[in-house]
Amino acid sequence: MLNLSPVTVAKHEVLLQLMQRIYPPAYRQLWKNNDCNWYINSQYNLKHVTKELDIKNTDYFFIQYNTKTIGILRLVHQIPESTTKLHRLYLDHDYQGLGLGKQLMQLSENRAKANQSTSIWLEAMDTQLQALNFYKKCGFKIVDSYALDFELIMDPFKGMHKMTKQL
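Being a predicted model, the structure only gives us computed values, none of them experimental.

Re the nonpolar core
In step 1: Leu15, Met19, Tyr23, Trp31, Tyr44, Ile72 and Tyr90 are the most contacted members of the largest nonpolar core, which has 24 residues in total.
In step 2: At the level of elements, α1 (12-27), α2 (37-43) and β2 (58-65) are the ones that each hand at least two residues to this core.
In step 3: Top contributing element to this core by residue count: α1, with seven residues.
In step 4: Those residues in contact with isoleucine 72 that lie beyond four places of it in its chain are Leu15, Leu18, Met19, Tyr44, Tyr60, Phe61, Phe62, Ile63, Arg88, Leu89 and Tyr90.
In step 5: Counting 22 residues, the second-largest nonpolar core is a separate cluster that includes Leu89, Leu104, Ala124 and Tyr135.

So, in structure tokens, the structure goes:
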């Protein structure tokens, strides 16, 4: 069974350990020297997580499946623009292919609608074909492309697509 539980400052260490476990197998190859620790430490350190949790109109969840924590989901509801950014969706590779992604997308859309959003959007790497195909199957369309400005990401992996879906 799929459940969500809030990410809190008190659970920071759980978040950090989860991301240290699930991020590298999927993304290590994107980073120079196969070292993605800089990214994990910059995005999931206590100060940064506290800052993200202080942002109003944001949902930040642990994804749990049969009592095991297997990922995270973060939504930023941009109220004046009537849109929601799906900012983070990471799932443990061992739990992909079970239909959980579809359930999480539906849940994200429902939360966006509950916050009066008329669209939902995300950013995805242009080289992550599995993710891009998944988002397209969910109804997202590419509306813009750009390059990341992280020095530590290898050049062939800097391409990003902004994708959006009307609700």
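Points about the pairing of strand β5 (residues 119-125)
In step 1: With respect to burial, β5 is a largely interior element, six of its seven residues being buried.
In step 2: Direction of pairing for strand β4 (residues 83-91) relative to β5: parallel, over a ladder of three bridges. Considered in β5, the bridge of threonine 84 is made with isoleucine 120.
In step 3: Crossover β4 to β5 through helix α4 (residues 100-114) is right-handed.
In step 4: Here β5 pairs with strand β7 (residues 159-166) via seven bridges, running antiparallel. Looking at the pairing, serine 119 lines up with glutamine 166 of β7.

Considering the environment of glutamine 96
In step 1: Residue position: glutamine 96 is located in the loop between β4 and α4.
In step 2: Sequence spacing of glutamine 96 and glycine 71 is 25 residues, and the spatial spacing of their C-alpha atoms is 11 Å.
In step 3: At 3.3 Å, the side chain of glutamine 96 and the backbone oxygen of leucine 91 are in polar contact.

Here's the deal with the side chain of glutamine 43
In step 1: The topology assignment puts glutamine 43 in helix α2.
In step 2: Among the polar contacts made by the side chain of glutamine 43, one reaches the side chain of serine 42 at a distance of 3.4 Å.
In step 3: Apart from the residues within four sequence positions on either side, glutamine 43 is in contact with His48, Val49, Glu52 and Arg88.

Observations concerning the packing of aromatic side chains
In step 1: Within the structure shown, the criterion is met by 12 aromatic pairs.
In step 2: With a centroid separation of 5.8 Å and an interplanar angle of 75 degrees, the aromatic rings of tyrosine 23 and tyrosine 90 are classed as edge-to-face. Of this pair, tyrosine 23 sits in helix α1 while tyrosine 90 sits in strand β4; the two residues are 67 residues apart in sequence, bridging distant segments of the chain.
In step 3: In this structure tyrosine 23 comes out as buried when scored by relative accessible area, which is 4%.
In step 4: For tyrosine 90, a relative accessible area of 15% translates into the label buried.
In step 5: An aromatic cluster of at least three residues, connected via ring pairs, comprises Tyr23, Tyr27, Trp31, Trp38, Tyr39, Tyr90 and Phe150.
In step 6: In this structure, arginine 74 packs its charged tip against the face of tyrosine 60, placed 5.6 Å from the ring centre.
In step 7: Over the ring of tryptophan 121 we find lysine 162, and its NZ or CZ is 4.5 Å from the ring centre.

Comments concerning the pattern of salt bridges
In step 1: All told, the structure shown has seven salt bridges when counted by the stated rule.
In step 2: Close ionic contact of aspartate 59 with arginine 111 constitutes a salt bridge, the shortest N to O distance being 2.8 Å. Of this pair, aspartate 59 sits in strand β2 while arginine 111 sits in helix α4, and the two are 52 residues apart along the sequence.
In step 3: On the accessibility criterion, aspartate 59 (12% relative accessible area) is buried.
In step 4: Residue arginine 111 is classed as partly exposed on the basis of its relative accessible area, which comes to 31%.
In step 5: Because the salt bridges share partners, they merge into one network encompassing Glu52, Arg74 and Arg88.

Procedures and definitions
Residues numbered from 1 in each chain as written. Predicted model: local features only at pLDDT ≥ 70, side-chain atom pairs only at ≥ 80, totals over all residues. Heavy atoms only, no water. Core = buried A, V, L, I, M, F, W, Y, C linked by side-chain atoms within 4.5 Å. Buried < 20%, exposed > 50% of the residue type's maximum accessible area, 1.4 Å probe, protein only. Helix = DSSP H or I, 4+ residues; strand = E, 2+ residues; numbered from the N terminus. Contact = heavy atoms within 4.5 Å. Pairing = 2+ DSSP bridges. Right-handed = clockwise from strand over helix to strand, strands pointing away. Polar contact = N/O pair within 3.5 Å; in protein donor to acceptor, adjacent residues only side chain to side chain. Phe/Tyr/Trp six-rings, centres within 6.5 Å; stacked < 30°, edge-to-face > 60°. Lys NZ or Arg CZ within 6 Å of the ring centre and 35° of its normal. Salt bridge = Lys/Arg side-chain N within 4 Å of Asp/Glu carboxyl O.

This is a description of form; function is not addressed.
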